[in-house]
Amino acid sequence: MASPPSVTRLDVALRPGRPPMLLAESHGDPADWAARHREALRAALAAHGAVLVRGLGLRDTAGTTATFKALTTDLMVETESFAPRQRYGAGVYSSSKWPRNQPMCMHHELSYTLEFPGLMLFACLRAPADGGATAVADATAVLDALPRRVVKRFERQGWLLTRTYNEEIGASVAEAFGTDDRETVERYCRANAIDVRWQPDGTLHTRQWRSAVVRHPLSGRRCWFNQIAFLNEWTIAPEIREFLVDTYGVDGLPFNTRYGNGDPIGADVVELLNSVYEHHTAREPWQDGDLLLVDNLRTAHSREPFEGAREVLVAMADPIRLADCSPSIEVTVP
């Protein structure tokens, strides 16, 4: 029996407002199909920044894990997560636990770390009744569309992520660092250029300074690469922000972002960032069995509000160091 054609000879459908999509036409083992088409899939990803594979027939955790492993040998263990996940095995997780009626705005996964995934893999085992798309946006197009004055300030100053860990909202210390042992957490933070302060009530407050613009280490493309808008207080629904500020205070929010010099980022700037993202968003409703590959540097992703059950498995792979991406500011590690 002849081997199936490679993905490079299949039509990758390019449709305005939707992610590039190809039909797998797989009637057997999804992992076997993925392994045989791995290099061609990688080529499609390099060409387009994201590829939605439809018809692969992913049905369960075991088959999805095998498919992920067929596409990469470098699955990563998540560290510094901002929201809890369920772990299904080495490097395979549920999507982040986030209120279904609240969007997870455009962002690049773990863009506040010194080593982040170059590849994101998403598998839909059960599509929601309505909404819930994992949308994507081209990071170079977003960068080019932003006003020059905004880009220049972030290039010059970078951005600052502040986090105050608690047991109620977002990931706990143990979920983010894999331990709640103070010495171990402090050692990790020192090695990753994160300022640490233990507050009188025992909660952990951290600050980390990062670049907002980087270059893709393979293509050299300049990318708007950060989570400035997503993790900012002004992206939160007004009633939720009011509750959080009343409960924790402005300086004690579970997470927030600032300019790199510590100045607050205005609501107008956050609104601008999110509107540019929306203008460049490509979305396609999930179908059961879909696989989405995303170049995490070149392409931002989001999760839209949804109704009904939604089961999407996630893997992070192909680690890249910030230092290898020509960051606009230099982050020093002791």
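See the structure printed just above.
Here the structure is a predicted model, which is why all the values come from computation and not from measurement.

(A) Structural context of the overall build of the protein chain. When its secondary structure is counted, the protein chain shows nine helices and 19 strands. In summary, the protein chain has a C-alpha radius of gyration of 20 Å against a globular reference of 20 Å for 334 residues, a match within 12%. Projected onto the principal axes, the alpha-carbon positions of the protein chain cover approximately 70 × 40 × 40 Å. In the protein chain, buried positions account for 53% of the 334 residues. Once local pairs closer than 6 in sequence are excluded, the contacts in the protein chain between residues at least 24 apart make up 80%. Of the charged side chains in the protein chain, 36 are positive and 43 negative; the average position of the first set lies 4 Å away from that of the second.

(B) Fine view of the sheet that holds strand β8 (residues 136-138). Here we have four strands laid out as an open sheet, ordered β5-β17-β8-β15, and antiparallel in their pairing. On the outer flanks of this sheet lie β5 (104-107) and β15 (281-282), each paired with one strand and no other. Here β8 pairs with β15 via two bridges, running antiparallel. When the sheet's bridge partners are listed, V136 is paired in β15 with A282.

(C) Looking closely at the packing of aromatic side chains. With the rule as written, the count across this model stands at 10 aromatic pairs. Relative to F255, the ring of F82 lies with its centre 6.4 Å away and its plane at 80 degrees, an arrangement referred to as edge-to-face. With F82 in the loop between α3 (61-71) and β3 (87-89) and F255 in strand β14 (residues 255-259), this residue pair connects regions lying 173 residues apart in the sequence. Take F255: its relative accessible area is 9%, and that puts it in the buried class. Taken together through their ring pairs, the aromatic side chains of F82, W98, F230 and F255 make up a single cluster. For the cation-ring pair, R153 lies above Y259, with the distance from its terminal atom to the ring centre recorded as 3.5 Å. The ring of F306 has R310 lying over it, and the distance from NZ or CZ to the ring centre is 5.7 Å.

(D) Summary view of unusual backbone geometry. Unusually for a residue other than glycine, L110 sits at a positive phi of about 55 degrees. Of note, L110 is situated in the loop between β5 and β6 (115-126). Positive phi values are uncommon outside glycine, yet A193 reaches one of about 55 degrees. Mapped onto the elements of the fold, A193 is located in the loop between α7 (182-191) and β10 (194-198).

(E) Layout of the nonpolar core. Judged by nonpolar contacts, the single largest core of 61 residues is most densely connected at F82, F116, F122, F154, W224, I228 and L273. The biggest single contributor to this core is helix α9 (residues 267-279), with five residues. Sequence-distant contacts of F116, defined by excluding residues within four places in its chain, comprise M76, E109, L110, F225, L297, D318, P319, I320, R321, L322 and C325. Listed in part, the 24 residues of the second largest apolar core include L22, L56, L125 and A315.

(F) Summary view of a negative patch on the surface. A cluster of acidic residues, E167, E168, E175, D180, D181 and E183, forms a negative patch on the protein surface. Positionally, D180 belongs in the loop between α6 (173-177) and α7. Overall, the relative accessible area of 57% leaves D180 in the exposed class.

(G) Representation of the pairing of β10. Both β10 and strand β11 (residues 204-210) contribute to a ladder of five bridges, which runs antiparallel. Bridge assignment links D195 to a residue of β11, and that residue is R207. Where β10 folds back onto β11 in an antiparallel hairpin, the turn is made up of five residues, including G202, whose phi is positive at roughly 95 degrees.

(H) Structural view of α9. Look at α9: 18 Å from first C-alpha to last across 13 residues, which is about the 18 Å you get at 1.5 Å a residue. For α9, the full list of buried residues reads V269, V270, L273, V276 and Y277. Each buried residue of α9 lies within a common arc of 130 degrees when the element is viewed along its axis, so the set occupies one face. Along α9, the residues that are exposed and aim more than 90 degrees away from the buried face are D268, E271 and H279.

(I) Main features of the sheet that holds strand β16 (residues 291-295). Within the open sheet, the seven strands sit side by side as β1-β2-β16-β6-β19-β4-β3. Their pairing is mixed. Each edge of the sheet is formed by a strand with only one pairing partner; in this case those strands are β1 (21-23) and β3. Within the sheet, the average angular offset between the axes of one strand and its neighbour, ignoring direction, is 25 degrees. Direction of pairing for strand β4 (residues 92-94) relative to strand β19 (residues 311-321): antiparallel, over a ladder of three bridges. Paired with Y93 across the bridge in β19 is V314. Sheet strands in contact with helix α2 (residues 38-48) are β1, β2 (50-54), β6, β16 and β19, and its direction is about 135 degrees off that of β2. α3 contacts β3, β4, β6, β16 and β19 of the sheet and is inclined by roughly 145 degrees relative to β6.

The rules we used
Residues numbered from 1 in each chain as written. Predicted model: local features only at pLDDT ≥ 70, side-chain atom pairs only at ≥ 80, totals over all residues. Heavy atoms only, no water. Helix = DSSP H or I, 4+ residues; strand = E, 2+ residues; numbered from the N terminus. Rg over C-alpha atoms; globule rule 2.2 N^0.38 Å. Buried < 20%, exposed > 50% of the residue type's maximum accessible area, 1.4 Å probe, protein only. Contact = heavy atoms within 4.5 Å. Lys, Arg positive; Asp, Glu negative; His and termini not counted. Charge placed at Lys NZ, Arg CZ, Asp CG, Glu CD. Pairing = 2+ DSSP bridges. Phe/Tyr/Trp six-rings, centres within 6.5 Å; stacked < 30°, edge-to-face > 60°. Lys NZ or Arg CZ within 6 Å of the ring centre and 35° of its normal. Core = buried A, V, L, I, M, F, W, Y, C linked by side-chain atoms within 4.5 Å. Patch = residues over 30% accessible without salt bridge, like charges linked within 9 Å, V, L, I, M, F, W, Y side chains within 5 Å. Areas by Shrake-Rupley, 256 points an atom, 1.4 Å probe, with all protein chains shown as cover. Salt bridge = Lys/Arg side-chain N within 4 Å of Asp/Glu carboxyl O. Expected span 1.5 Å × (residues − 1). Arc of directions from axis to C-beta. Axes fitted to C-alpha atoms, helices over the stretch in contact; angles between N-to-C directions.

Geometric values such as these leave the question of function open.
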